[in-house]
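# Summary of the model geometry
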Amino acid sequence: MGSQTVTKQKEQTVTQVMSGAEAIVKILIEEQIQVAFGYPGGAIMPVYDALYDEQDRIQHVLARHEQGAIHAAQGYARATSKPGVCFATSGPGATNLITGIADAQIDSTPLVCITGQVPSSLLGSDAFQETDVIGISMPVTKWNCQITDATEIPEALAKAFYIAKSGRPGPVLVDITKDAQFQKFDYSYTPYKKIRSYVPKPEIDLSSIEKAAVEINNAKRPLILFGQGVILANAEKEFKKLVEKTGIPSAWTILGLSALETDHPLNVGMLGMHGNYGPNLLTNECDVLIAIGMRFDDRVTGNLTKYAKQAKVIHFEIDPAEINKNVKADIPVLGDAKETISHLLKLVKPNSHENWFQRFQECAKIEQEKVINRELHPDTGSLSMGEVINIINKYTKGDAIIVSDVGQHQMVACRYSKFSKSKSNITSGGLGTMGFGLPAALGAKLGVPDRTVIAIIGDGGFQMTIQELATIYQTKAKVKLLLLNNEFLGMVRQWQQLFFDKRYSSTELINPDFQTIVKGYYIPTKKVTEREHLEKAIEEFINYDGAYFLEVMVGKENNVFPMVPSGAGVSEIRLE
């Protein structure tokens with residue numbers, strides 16, 4: 001965002017003398033932060049000392065690695081719509097946050113990261129554990145700053161929380177020198193309500209919505225593509241009314257999944273590389289393409305030169321940078337999705353598109369016969385990932401939060417999980433971060449403890465953040481951990497099979513005994529290798545009152561279909 005001039009509301013404030021570290025904790029309380037994640041170290045130690053006195057108001061979750069801490073903060077933010085807060089010390093502590101920050105930036109997750117820094121007198125001297133975290137994090141944060149004077153702390157953190165939460169959310173980072181944390185000053189705090197030159201919500205142009213309504217009303221073969229923008233805008237109710245009033249088939253990105261319940265008649269499924277046959281194929285047959293809160297990621301569009309060339313494109317988007325970035329919009333509609341959809345609802349006419357919708361049903365029938373029946377109901381051979389998810393659905397009834405890691409299991413979880421509530425699918429979308437699932441599930445469970453939270457992870461990603469089993473044990477979080485073990489880096493292996501002549505280079509995993517490891521963290525565990533034991537094990541897994549680890553051995557060389565090959569157009573989707 002660059003340098004900003006600040007405009008603050010003038011209010012009567014009462015000052016009191018405290019240290020910079022005490023001010024940081026006080027501000028978290030003012031911002032109603034109840035859970036924070038992190039890992040202590042020398043440069044952030046004054047903040048941890050201040051946290052000691054507020055343990056009854058802020059639960060600090062001690063991760064076992066800073067990457068685990070920030071992924072947990074992401075899971076918390078995605079499940080609650082509140083900013084996730086993360087602490088780390090200078091040097092390696094701060095740099096270990098960068099992957100999670102980059103993940104949050106591309107997936108629009110609100111985070112406030114507070115890092116300690118060496119004393120200001122040592123800046124630039126290559127002091128012990130000194131790193132230029134501002135320079136490193138600048139490309140992957142919505143905003144960042146460094147503080148060397150305690151008097152700057154309230155204004156910087158007020159700005160940080162406002163920027164992280166407003167408009168298109170994202171991660172911010174505030175780096176604070178150790179001497180600023182010790183320094184005493186006259187504290188007062190006023191949250192931000194406005195920053196000059198920062199426009200989190202573009203002003204709505206009603207004429208663009210009117211043009212969009214005309215095209216939608218006249219369309220014969222319209223298709224809605226919805227993404228996480230619907231969820232971030234809290235626009236699920238308005239969106240559902242729009243879908244039902246217009247009768248338009250609607251398909252989702254993996255981050256948009258759960259904005260509309262999966263069993264809704266007009267929910268036609270998943271877009272993209274491993275998405276459903278109908279929405280991919282018919283993207284290139286629709287006459288009006290209505291994108292709402294999605295950014296036309298390459299995994300959704302495939303080859304852009306072959307993407308929806310026949311359609312008029314209407315793009316509802318809060319971030320002007322996304323308009324025309326990948327797909328040219330005939331009618332761009334800038335603004336918060338809740339507000340723009342509310343205006344649109346008044347202008348669109350009740351409609352149904354029965355003949356057009358029939359095309360989706362025909363495609364769904366083909367996919368059911370060629371792919372889904374084989375994946376969800378195999379009666380011979382090895383266990384499939386899909387049949388595991390299918391049984392999970394039976395016991396959760398669509399009410400659980402599913403947190404997936406990255407790989408084949410992620411695609412299968414997104415394709416087959418059933419959801420009846422929003423904010424129920426949490427995964428690493430844009431960055432595709434292996435190791436995300438386990439700590440993000442912990443964060444989600446701490447954010448919404450009354451909901452069942454299930455992490456679906458692979459044997460590769462699991463070993464990237466396996467140490468966070470200790471955090472689950474220490475917090476007593478009742479999170480469910482489902483390991484789909486195929487003894488491969490499955491998604492890479494699938495590509496090697498299909499496009500590299502089965503040259504399985506560095507993708508087969510010689511795994512440890514996960515059962516023994518998990519028992520070492522005092523978490524109940526079970527392993528399933530036979531179909532006859534699967535359903536009973538899943539029932540026990542779901543119903544157990546506490547954390548539980550279930551390992552299911554699945555086929556080593558099972559593939560995820562449908563699939564849009566790299567470089568292909570979405571209508572070139574393969575079913576086998």
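Conventions adopted
- Residues numbered from 1 in each chain as written.
- Predicted model: local features only at pLDDT ≥ 70, side-chain atom pairs only at ≥ 80, totals over all residues.
- Heavy atoms only, no water.
- Buried < 20%, exposed > 50% of the residue type's maximum accessible area, 1.4 Å probe, protein only.
- Helix = DSSP H or I, 4+ residues; strand = E, 2+ residues; numbered from the N terminus.
- Pairing = 2+ DSSP bridges.
- Axes fitted to C-alpha atoms, helices over the stretch in contact; angles between N-to-C directions.
- Contact = heavy atoms within 4.5 Å.
- Salt bridge = Lys/Arg side-chain N within 4 Å of Asp/Glu carboxyl O.
- Phe/Tyr/Trp six-rings, centres within 6.5 Å; stacked < 30°, edge-to-face > 60°.
- Lys NZ or Arg CZ within 6 Å of the ring centre and 35° of its normal.
- Domains from an automatic or database assignment.
- Polar contact = N/O pair within 3.5 Å; in protein donor to acceptor, adjacent residues only side chain to side chain.
- Nonpolar A, V, L, I, M, F, W, Y, C, P; charged D, E, K, R; others polar.
- Disulfide = S-S within 2.5 Å.
- Core = buried A, V, L, I, M, F, W, Y, C linked by side-chain atoms within 4.5 Å.

## Some remarks on the pairing of strand β20 (residues 480–485)
Counting buried residues in β20 gives six out of six residues, a clear majority hidden from the surface. A two-sided burial pattern is seen for β20, the buried positions comprising K480, L482 and L484 on one face and L481, L483 and N485 on the other. With five bridges joining them, strand β19 (residues 453–458) and β20 adopt parallel strand pairing. Paired with I454 across the strands is K480, a residue of β20. Bridging between β20 and strand β22 (residues 548–553) involves six bridges; their strand directions are parallel.

## Remarks on the sheet that holds strand β21 (residues 525–528)
Overall, parallel pairing links the six strands, which are arranged β18-β17-β19-β20-β22-β21 in an open sheet. Every interior strand has two partners, whereas the edge strands, β18 (425–427) and β21, have only one. Strand after strand, the sheet turns through a mean of 20 degrees between neighbouring axes, direction not considered. Running at roughly 140 degrees to β19, helix α17 (residues 408–416) makes contact with β17 (401–404), β18, β19 and β20 of the sheet. On top of the sheet, helix α23 (residues 534–543) reaches β19, β20, β21 and β22; it is set at about 160 degrees to β22, its chief contact.

## Quick word on helix α5 (residues 98–106)
Where α5 is concerned, the buried positions are I98, G100, I101, A102, D103 and A104. Structurally, α5 contributes buried residues whose contacts are with α3 (66–80), α4 (92–95), β6 (111–117), α6 (133–137) and β8 (171–177). Downstream of α5 by a residue or two, S108 has a phi angle that is positive, lying close to 55 degrees.

## Side note on the pattern of salt bridges
The tally for this structure, following the rule as stated, stands at 20 salt bridges. Linking D297 and R295 is a salt bridge whose minimum nitrogen-to-oxygen distance equals 3.5 Å. Like D297, the residue R295 is buried in the burial classification. In this structure, the salt-bridge partner of E540 is K526, at a minimum N-O distance of 2.9 Å.

## Remarks on the packing of aromatic side chains
Taken as a whole, this structure holds 14 aromatic pairs when the rule is applied. With centroids separated by 5.9 Å and ring planes inclined at 75 degrees, the aromatic side chains of F541 and Y548 adopt a geometry described as edge-to-face. Its relative accessible area of 0% is what places F541 among the buried residues. Through a chain of ring-to-ring contacts, three or more aromatic side chains come together here, namely F462, F514 and F549. Sitting over the face of the ring of F488, R493 holds its NZ or CZ atom 5.7 Å from the ring centroid.

## Description of the domain arrangement of the protein
Assigned domains within the protein: domain 1 (16–187), domain 2 (206–360) and domain 3 (383–553). Between the C-alpha centres of domain 1 and domain 2 there is a distance of 37 Å. Taken together, the seven residues of domain 1 in the interface contact seven residues of domain 2. Taking the shortest distance from any N to any O, the salt bridge between R168 and E322 comes out at 2.8 Å. The tally of links between domain 1 and domain 2 comes to three residue pairs in polar contact (both at pLDDT 80 or more). Grouping the amino acids of the side of domain 1 that touches domain 2 by side-chain chemistry returns two nonpolar, two polar and three charged.

## Examining the state of the cysteines
As used in these notes, a disulfide is a covalent bond between sulfur atoms, one from each of two cysteines. Considering all chains together, one arrives at zero disulfides under this definition. The thiol sulfur of C86 is not disulfide-bonded, and the nearest other cysteine sulfur, from C113, lies at 5.4 Å. Lacking any disulfide linkage, C145 is separated from the closest cysteine sulfur, that of C113, by 12 Å.

## A look at the nonpolar core
Judged by nonpolar contacts, the single largest core of 98 residues is most densely connected at L289, L482 and V552. For this core, the leading source of residues is helix α15 (residues 354–376), giving seven residues. Formed jointly, this core draws a minimum of three residues from each of two domains, domain 2 (206–360) and domain 3 (383–553). Not counting the four nearest positions on each side in its chain, V552 is found in contact with L383, V388, L482, L483, L484, N485, V528 and L534. One finds A63, C113, I134 and F514 within the second-largest nonpolar core, a separate group that totals 51 residues.

## Considering the sheet that holds strand β11 (residues 222–226)
Here we have six strands laid out as an open sheet, ordered β13-β12-β11-β14-β15-β16, and parallel in their pairing. Both edges of this open sheet fall to β13 (267–270) and β16 (331–334), since each of them pairs with a single strand only. Within this sheet the neighbouring strands show an average axis-to-axis angle of 20 degrees, counted without direction. Relative to strand β14 (residues 288–292), β11 runs parallel, the two sharing five bridges. Its bridge partner being in β14, F226 is matched across the sheet by I292.

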